[in-house]
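Each chain, letter by letter, is given below.
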Amino acid sequence: MDSARILSTRPLPGPAFAELSSVEVLQSGLTGGLKKERPGIVALIVAGDAVTENTLEFLPDLGLVAQYGVGFDNVDINACARRGICIVTTPGVLSAATADFTMTLILAAQRRLIECDAFVRSDRWNSESIATLEAREVSGSTLGVIGMGRIGTAVVRRARAFDMKVLYTQRRRLSPKEEGALGVSFENLDEMLPKVDILTVHCPLTSETRGLLDRRRLSLLKDCACVVNTARGAIVDERALVAEVTAGRLRVALDVYTFEPSVPEGLRSASGATLAPHVASLTTTTRHAMTRLVVDNVKAFVAGKPLLTPIVLETKA
Ligand code: DGY
């Protein structure tokens, strides 16, 4: 494969990446944009890096943006569409790992695992003091799910094993058969919020979902409810969330933030916050499978074959 034809903002993990042996890895990613025009580049591999109009201007022959991840809010899809550039992502292969990590966050937050760990390390353990670590039961609690796509569905299957009652909301209601098979009940978002002990976010970040959980909606949650987010930080009004957590009214278990890698001080200092650095899909198996899918898409594109996992943009009728 011609070295001048594919750019990647980083080397991807796993053996499949070597199949693009002559791919050029950009040493400083796309930060600050490309400095000069790169004619002949037909495919660009990114991992959450912003793909803007400005980037595309430097890539006159680009036909494919391959996103290493399932979310593609970092890519200016309108600019790509105007230039006839296709976009592919890595759906499916990361659902299990992301759902596993969502359960990890739920269990850690509800059972106060981070505080338990700090407690043991600080030598405070005696029979009276452990009473301060009394926690909330996960089994039998009510889970609210926003977005019942592949990841939301995988979370539900795990939650059902914990005897959780599951409510969900999304734009398109599932069929009665699908709801029955998953054991979930549909609710409008505002009606669901006061009923849940734990709320977990699994919708994509779009112009419609940005700020979906705003101050008013967060105030509808029960006292001490836990907000879990492994999707995108900007779906939640982060300032409003910090205010609720700082006041001790809500708790959070977060993998994503609005301005990563920056995490508000209010969250970092709150005992009611369980925090992770955007690692939900970061297992060896999953990351290798994501690389495989990116590489297969790029190879298909270069060979003029159908793409495996293209983004199909919704058109409003
Ligand atoms: C995704 O796939 O979108 C994950 O958040 C990893 O970036």
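This text follows the structure it describes.
The model shown is predicted, which means the values in this text are computed figures rather than measured ones. (Residues numbered from 1 in each chain as written. Predicted model: local features only at pLDDT ≥ 70, side-chain atom pairs only at ≥ 80, totals over all residues. Heavy atoms only, no water.)

Caption draft 1: Structural view of the nonpolar core. One finds Leu20, Ile45, Leu143, Met148, Val184 and Val298 to be the most contacted residues of the largest nonpolar core, which totals 47 residues. Breaking this core down by element, the ones donating at least two residues are β3 (43-46), β4 (64-67), α3 (95-110), β6 (142-146), α5 (150-161), β7 (165-169), β10 (226-229) and α11 (284-302). Ranked by residue count, the leading element in this core is α3, at six residues. Filtering out sequence-adjacent residues up to four positions away, isoleucine 45 remains in contact with Ile6, Leu7, Ser8, Thr9, Leu12, Phe17, Leu20, Ala66, Val294 and Val298. Membership of the second largest hydrophobic core comes to 32 residues, among which are Ala234, Val236, Leu250 and Ala270. (Core = buried A, V, L, I, M, F, W, Y, C linked by side-chain atoms within 4.5 Å. Buried < 20%, exposed > 50% of the residue type's maximum accessible area, 1.4 Å probe, protein only. Helix = DSSP H or I, 4+ residues; strand = E, 2+ residues; numbered from the N terminus. Contact = heavy atoms within 4.5 Å.)

Caption draft 2: Main features of the pairing of β4. Residues Leu64 and Ala66 line one face of β4 and the alternating positions Val65 and Gln67 line the opposite face, and both faces are buried. Here β3 pairs with β4 via four bridges, running parallel. Following the sheet pairing, leucine 44 is matched in β4 by valine 65. Note: β4 against strand β5 (residues 86-88), three bridges, orientation parallel. Note that in β5 the partner of alanine 66 across the bridge is valine 88. Traced from β4 through helix α2 (residues 77-82) to β5, the parallel crossover comes out right-handed. (Pairing = 2+ DSSP bridges. Right-handed = clockwise from strand over helix to strand, strands pointing away.)

Caption draft 3: Molecular detail of the layout of surface pockets. Space inside the second largest pocket adds up to approximately 250 Å³. Breaking the lining of the second largest pocket down by element, the ones donating at least two residues are α3, α4 (113-121), β11 (251-254) and β12 (273-275). Its residues placed into classes, the lining of the second largest pocket shows eight nonpolar, four polar and five charged. (1 Å grid on protein atoms, 1.4 Å probe; cavity = no way out; pocket = protein on both sides within 12 Å on 5 of 7 lines; lining within 4 Å. Points joined across faces, edges and corners; volume = space filled by probe spheres on them. Nonpolar A, V, L, I, M, F, W, Y, C, P; charged D, E, K, R; others polar.)

Caption draft 4: Representation of empty space enclosed by the protein within the structure. If you walk through the whole model with that rule in mind, you get one cavity of 30 Å³ or more. Here the largest cavity defines a volume of roughly 40 Å³. Residues that form the lining of the largest cavity fall into these classes: four nonpolar, two polar and one charged.

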